[in-house]
Amino acid sequence: MVVTRGRKFASQHGMKVLLVSALLFMASVFGLAGTPGSFRGTVVDGPEKSDTWMYVEGHNHSVRRVYVSGATIRYDSEVPAADRKTPVPRALQVGTQVRVTAEQDDAGEWRATDIEILKIGGAEDEKKKVGAPTTSQS
């Protein structure tokens, strides 16, 4: 009877060590990875022009600066074939509606892994600029 209690204790202790080890491993893996996110918005002009950065304004008017170099850019299936350009442009024009999948780095910057073009912007969207006052006519 004493022997079985010793084995039972050893088995429970071993399981606890294994569980703690697994939790620590998972925590370290998630700690190394960036914080993934997905958001939609409209491409707007930013304070600086760059081929590697774009500015995306969300529906709540918050603007995210997104590093786009190395991201996969593709069209959503709802974009008409007549509106698509081949190859897909690397620099998206102002007014283009996009869905961005990105990770936040240590500095809080968004680094895109995937950009999906939902709707191509028009000429009237060229006036949009970050921080520009908006006017409405009644």
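For the structure itself, consult the block above.
Everything numeric here is computed off the predicted structure, so don't read it as measured data. (Residues numbered from 1 in each chain as written. Predicted model: local features only at pLDDT ≥ 70, side-chain atom pairs only at ≥ 80, totals over all residues. Heavy atoms only, no water.)

Examining the overall build of the chain
Argument step 1. Each helix and strand counted, the chain has one helix and six strands in total.
Argument step 2. Expressed as a percentage of the 138 residues in the chain, the buried residues total 27%.
Argument step 3. Taking the intrachain contacts of the chain between residues at least 6 apart in sequence as the baseline, contacts between residues at least 24 apart amount to 56%. (Helix = DSSP H or I, 4+ residues; strand = E, 2+ residues; numbered from the N terminus. Buried < 20%, exposed > 50% of the residue type's maximum accessible area, 1.4 Å probe, protein only. Contact = heavy atoms within 4.5 Å.)

Observations concerning the pairing of strand β5 (residues 97-104)
Argument step 1. Relative to strand β6 (residues 110-119), β5 runs antiparallel, the two being bridged by eight bridges. Within β6, the position partnered with Arg 99 by the bridge is Glu 116.
Argument step 2. Where β5 folds back on β6, the antiparallel hairpin that results is connected by five residues, among which Gly 108 adopts a positive phi of roughly 90 degrees. (Pairing = 2+ DSSP bridges.)

Concerning the packing of aromatic side chains
Argument step 1. All chains considered together, the criterion is met by two aromatic pairs.
Argument step 2. The interplanar angle of 65 degrees and the centroid separation of 5.3 Å between the aromatic rings of Phe 39 and Trp 110 together place this pair among those described as edge-to-face. Of the two residues, Phe 39 is situated in strand β1 (residues 35-44) and Trp 110 in strand β6; the sequence distance between them amounts to 71 residues.
Argument step 3. The exposure class assigned to Trp 110 is buried, which follows from its relative accessible area of 13%.
Argument step 4. Aromatic pair Trp 53 and Tyr 67: ring centres 5.1 Å apart, planes at 65 degrees, arrangement edge-to-face. Taken together, the residues span a long stretch of sequence, with Trp 53 in strand β2 (residues 53-57) and Tyr 67 in strand β3 (residues 63-67) at a distance of 14 residues. (Phe/Tyr/Trp six-rings, centres within 6.5 Å; stacked < 30°, edge-to-face > 60°.)

Examining the environment of Gly 70
Argument step 1. Within the fold, Gly 70 resides in the loop between β3 and β4 (72-75).
Argument step 2. Each C-alpha atom of the pair Gly 70 and Asp 114 lies 8.9 Å from the other, and the pair is 44 residues apart in sequence.

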